[in-house]
Amino acid sequence: MAVGPAHNRGPERQGFLLDLITGTEDDAGSLQTLADAGARWLSTTAGSTIECGAVLHRQRTYAAGAGSTPGAARFAAAEEEHADGPTALGVALSAPVVVNPTGSPARWQAYRHRLLDGGYGAALALPLELRPGSSGALVFLAHGNYAFITRITNEAAWFAGVASQSLKLALDVHGVIRSGDNLKQVLESRTSIDVACGVLMAQNRCSYPEAFSKLAGASRHRNLKVRSVADSILSTMPSGAAGTRFDPPAFA
C-alpha cells in the first residue's frame with residue numbers, strides 16, 4: 001500500500017497503516033513488504049534512490065532481516081554478525097541514528113567503513129516500537145555523497161511510526177494463524193487418540209485410562225508418537241482413520 005505524500009501533514013496522515021498482511025504467509029513476508037514500501041516511499045520523498053533494510057528481533061529466536069535490494073538485505077543481516085551498527089541495538093535503539101559521509105559520531109566509524117565496503121555513502125537507522133518481547137529497526141541506505149538532512153530524517157521517523165503500528169498488526173495476525181494451525185493439529189490428534197481408545201475399550205472391556213495406558217505403552221515400545229500408534233489401530237478398521245470436524249461458528 002502506498003504511503004501519502006511527504007508534504008501531507010493533515011489529519012488524513014493520522015492512523016495510516018501499511019498493508020503488511022495481504023499476500024504474506026509469515027513474519028518474514030511482512031518484513032519484506034515493509035522494506036520494499038520503505039524504499040519506495042523515502043526514495044520519492046528524498047528525490048533520490050534510497051534502499052531499505054528491516055530487522056526484527058524476537059525473544060528466543062534468531063533475528064529476521066529483509067531488504068528492498070539484495071545489498072540492503074545483506075547489510076541488514078550483517079548487523080547480527082558484526083553488532084557494531086545501530087540496528088543491532090534492538091530495544092536500545094530509541095532514536096534515529098544518522099551516519100552521513102561527514103560529521104558522523106566516532107562510535108559509528110566501524111559501521112561507516114562497512115557502509116563504504118557495501119557501496120553505500122550514508123545510512124539512517126530508526127527503531128520500530130513493537131510489543132514486549134519484540135524489537136525491530138529500519139535502515140535507509142543511500143549511495144554516493146547523499147546525506148540525510150533533518151527534513152528527510154523527520155519524514156523517515158514518521159514512516160517508522162506507521163511501520164511500527166503496521167508490523168505489530170501483522171505479527172499479531174500471523175501469531176493467531178499459527179495458533180489456529182497448532183490447535184487444529186491438537187484437535188486432530190485428540191480425535192484419533194480418543195477413537196482408538198474407544199476401539200481398545202470395546203476389544204478389551206477396559207476403561208478409558210486403561211486403554212490410553214495401552215496406547216502410551218505401545219508408543220514407548222515402538223518409539224512412536226501416541227497419535228501414530230492410534231492411527232495405525234484405526235487404519236485396520238473398516239471405516240479407516242477418524243476425521244475431525246470443524247464446524248464454523250454460528251452467528252445470530
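Draft legend 1. Examining the overall build of the chain more closely. When its secondary structure is counted, the chain shows six helices and five strands. Of the regular secondary structure in the chain, the N- to C-terminal order runs α-β-β-α-β-α-β-β-α-α-α. When burial is assessed residue by residue, the chain has 41% of its 252 residues classed as buried. As presented, the chain carries roughly 13800 Å² of accessible surface, and 55% of it is formed by carbon and sulfur atoms.

Draft legend 2. Structural context of the environment of Pro70. Structurally, Pro70 is set in helix α2 (residues 70-82). Accessibility expressed as a relative area gives 59% for Pro70, which makes it exposed. Sequence-wise, Pro70 and Gly53 are 17 residues apart; in three dimensions their C-alpha atoms are separated by 9.5 Å.

Draft legend 3. How the structure looks around the environment of Val229. Here Val229 lies in helix α6 (residues 226-234). Val229 sits 11 residues away from Ala218 along the chain, and the two C-alpha atoms are 7.1 Å apart. Apart from the residues lying within four places of it in its own chain, the contact partners of Val229 are Leu215, Ala218, Ser219, Arg222 and Leu224.

Draft legend 4. Helix α5 (residues 208-222), seen in detail. Here α5 contains 15 residues, and its C-alpha end-to-end distance of 21 Å stays within 8% of the 21 Å for a straight helix at 1.5 Å per residue. Considered for burial, the residues of α5 that qualify are Ala211, Leu215, Ala216, Ala218 and Ser219. Buried residues along α5 cover an arc of 160° about the axis, so they all sit on one side. Those residues of α5 that are exposed and angled more than 90 degrees off the buried face are Pro209, Arg220 and His221. Looking at the residues trailing α5, positive phi occurs at Asn223, about 60°.

Draft legend 5. Representation of the sheet that holds strand β2 (residues 64-67) in the model. A sheet is described by the order of its strands in space; here five strands give the open sequence β2-β1-β5-β4-β3, paired in antiparallel fashion. The outermost strands of the open sheet, each flanked by one partner alone, are β2 and β3 (97-99). Sheet twist, expressed as the mean angle between neighbouring strand axes with direction ignored, is 15°. In this sheet, strand β5 (residues 134-142) lies alongside strand β1 (residues 50-58) in antiparallel orientation, the contact comprising nine bridges. Residue pairing across strands places His57 opposite Ser135, the latter belonging to β5. Across the sheet, helix α1 (residues 27-46) lies against β1, β2, β4 (122-128) and β5, angled at about 145° from β1, the strand it touches most. Contacting β3, β4 and β5, helix α3 (residues 109-117) runs over the sheet at an angle of about 115° to β4.

Draft legend 6. Geometry of the pattern of salt bridges. If you walk through the whole model with that rule in mind, you get three salt bridges. With its nearest N and O atoms 2.9 Å apart, the salt bridge here joins Asp27 to Arg58. Here the residue Asp27 occupies a position in helix α1, and Arg58 occupies one in strand β1, the gap between them amounting to 31 residues. Here Arg131 makes a salt bridge to Asp172, at a shortest N to O gap of 2.7 Å. Taken together, the residues Arg131 in the loop between β4 and β5 and Asp172 in helix α4 (residues 150-204) connect sequence positions 41 residues apart.

The rules we used
- Residues numbered from 1 in each chain as written.
- Predicted model: local features only at pLDDT ≥ 70, side-chain atom pairs only at ≥ 80, totals over all residues.
- Heavy atoms only, no water.
- Helix = DSSP H or I, 4+ residues; strand = E, 2+ residues; numbered from the N terminus.
- Buried < 20%, exposed > 50% of the residue type's maximum accessible area, 1.4 Å probe, protein only.
- Areas by Shrake-Rupley, 256 points an atom, 1.4 Å probe, with all protein chains shown as cover.
- Contact = heavy atoms within 4.5 Å.
- Expected span 1.5 Å × (residues − 1).
- Arc of directions from axis to C-beta.
- Pairing = 2+ DSSP bridges.
- Axes fitted to C-alpha atoms, helices over the stretch in contact; angles between N-to-C directions.
- Salt bridge = Lys/Arg side-chain N within 4 Å of Asp/Glu carboxyl O.

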